[in-house]
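The lines below spell out each chain.
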Amino acid sequence: MQIHLSDISSSEGKCIQRTVEFEMDAITFQPGTFPVLAKEPVELTITNTGNRVLELVGTGSITVGVPCDRCLEEVPVDIPLQIKRKLDMKLTDEERVNDLDESIYLTGMDLDVDQLVYLEVLMSWPLKVLCKEDCKGICSQCGKNLNNGPCGCVEEPKDPRMAAISDIFSKFKEV
Ligand SMILES: [Zn+2]
Ligand SMILES: [Zn+2]
């Protein structure tokens, strides 16, 4: 959803509030595409703090399906949104290019709330996702999800001589 900012950026002290639906139904970035499972509209407050500077404050939340790091089952992850940005409306689009973030969600006087939320989601992206603390992961041999029970593969016993050799190698690397 777009919010046109020319009115507010020309009236100092003005404050507007908007409840904005986040329209994207998936988050796509470098590691892949993740479905948006649930979302709350963003409560956005835009204040003109003077000198054509706008302060954006927004809250909301979004639930994204992210695969478990170990077993790859989809886990619903809640990502709270705490948006806080300052926009200098005196800058032209060309000057804004220096601020890559800003040029993504602001074009001229149009604020793209979806892009704003998208960036916020990326910044709050969870580093580690597990379906449960003691997730058993998948079998490295047959690929079965071991949370659903053992797969029957025989774990290859580690050869103590090989372990000693790899120890030597890792020591060698440390030097
Ligand atoms: Zn898991
Ligand atoms: Zn197996």
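Preceding this paragraph is the structure being described.
Residues numbered from 1 in each chain as written. Chains lettered and ligands numbered in written order. Predicted model: local features only at pLDDT ≥ 70, side-chain atom pairs only at ≥ 80, totals over all residues. Heavy atoms only, no water.

1. Remarks on the coordination of the zinc ion (ligand 1)
The protein atoms that coordinate the zinc ion (ligand 1) are Cys68 (SG), Cys71 (SG), Cys131 (SG) and Cys135 (SG), at distances of 2.3 Å. Coordination at the zinc ion (ligand 1) is tetrahedral, judged from the four donor atoms that bind it and the angles of 106 to 115° they form at the metal. Sequence spacing of the donor residues for the zinc ion (ligand 1), all on one chain, is C-x2-C-x59-C-x3-C. With cysteine 68 in the loop between β5 (53–67) and β6 (74–88) and cysteine 135 in the loop between α4 (113–123) and α5 (160–174), this pair connects stretches of sequence that are 67 residues apart. (Donors = N, O, S within 2.8 Å, 3.2 Å for Na, K, Ca; no water. Tetrahedral: all angles 85-135°; square planar, octahedral: opposite > 155°, others 65-115°. Helix = DSSP H or I, 4+ residues; strand = E, 2+ residues; numbered from the N terminus.)

2. Comments concerning the side chain of asparagine 145
Mapped onto the secondary structure, asparagine 145 falls in the loop between α4 and α5. For asparagine 145, a relative accessible area of 11% gives the class buried. At 3.0 Å, the side chain of asparagine 145 forms a polar contact with the backbone nitrogen of asparagine 147. Discounting residues that sit within four places of it in the chain, asparagine 145 has contacts with Cys71, Glu73, Gly137 and Ile138. (Buried < 20%, exposed > 50% of the residue type's maximum accessible area, 1.4 Å probe, protein only. Polar contact = N/O pair within 3.5 Å; in protein donor to acceptor, adjacent residues only side chain to side chain. Contact = heavy atoms within 4.5 Å.)

3. Quick word on α4
Within α4, eight of the 11 residues are buried, which leaves the element mostly enclosed by the surrounding structure. Regarding α4, the residues found buried are Val113, Asp114, Leu116, Val117, Tyr118, Leu119, Glu120 and Val121. Where α4 begins, the capping side chain belongs to aspartate 112, and its oxygen is found 3.1 Å from the backbone nitrogen of aspartate 114.

4. Things to note about the environment of valine 77
Along the chain, the position of valine 77 falls in strand β6. Sequence separation between valine 77 and alanine 38 is 39 residues; the distance between their C-alpha atoms is 9.8 Å. Valine 77 has contacts with Ile62, Thr63, Val64, Val66, Pro126 and Val129, leaving out every residue within four places of it along the chain.

5. Some details on the sheet that holds strand β1 (residues 2–4)
With antiparallel pairing, the three strands of this open sheet are ordered in space as β1-β8-β7. The sheet terminates laterally at β1 and β7 (106–107), the two strands that pair on one side only. Sheet analysis places β1 next to strand β8 (residues 110–112), joined by three bridges and oriented antiparallel. Bridged to isoleucine 3 within β8 is leucine 111. Contacts between α4 and the sheet are confined to β1 and β8, with β8 contributing the most and set at about 45° to the helix. (Pairing = 2+ DSSP bridges. Axes fitted to C-alpha atoms, helices over the stretch in contact; angles between N-to-C directions.)

Any functional reading would require information that these geometric values do not contain.
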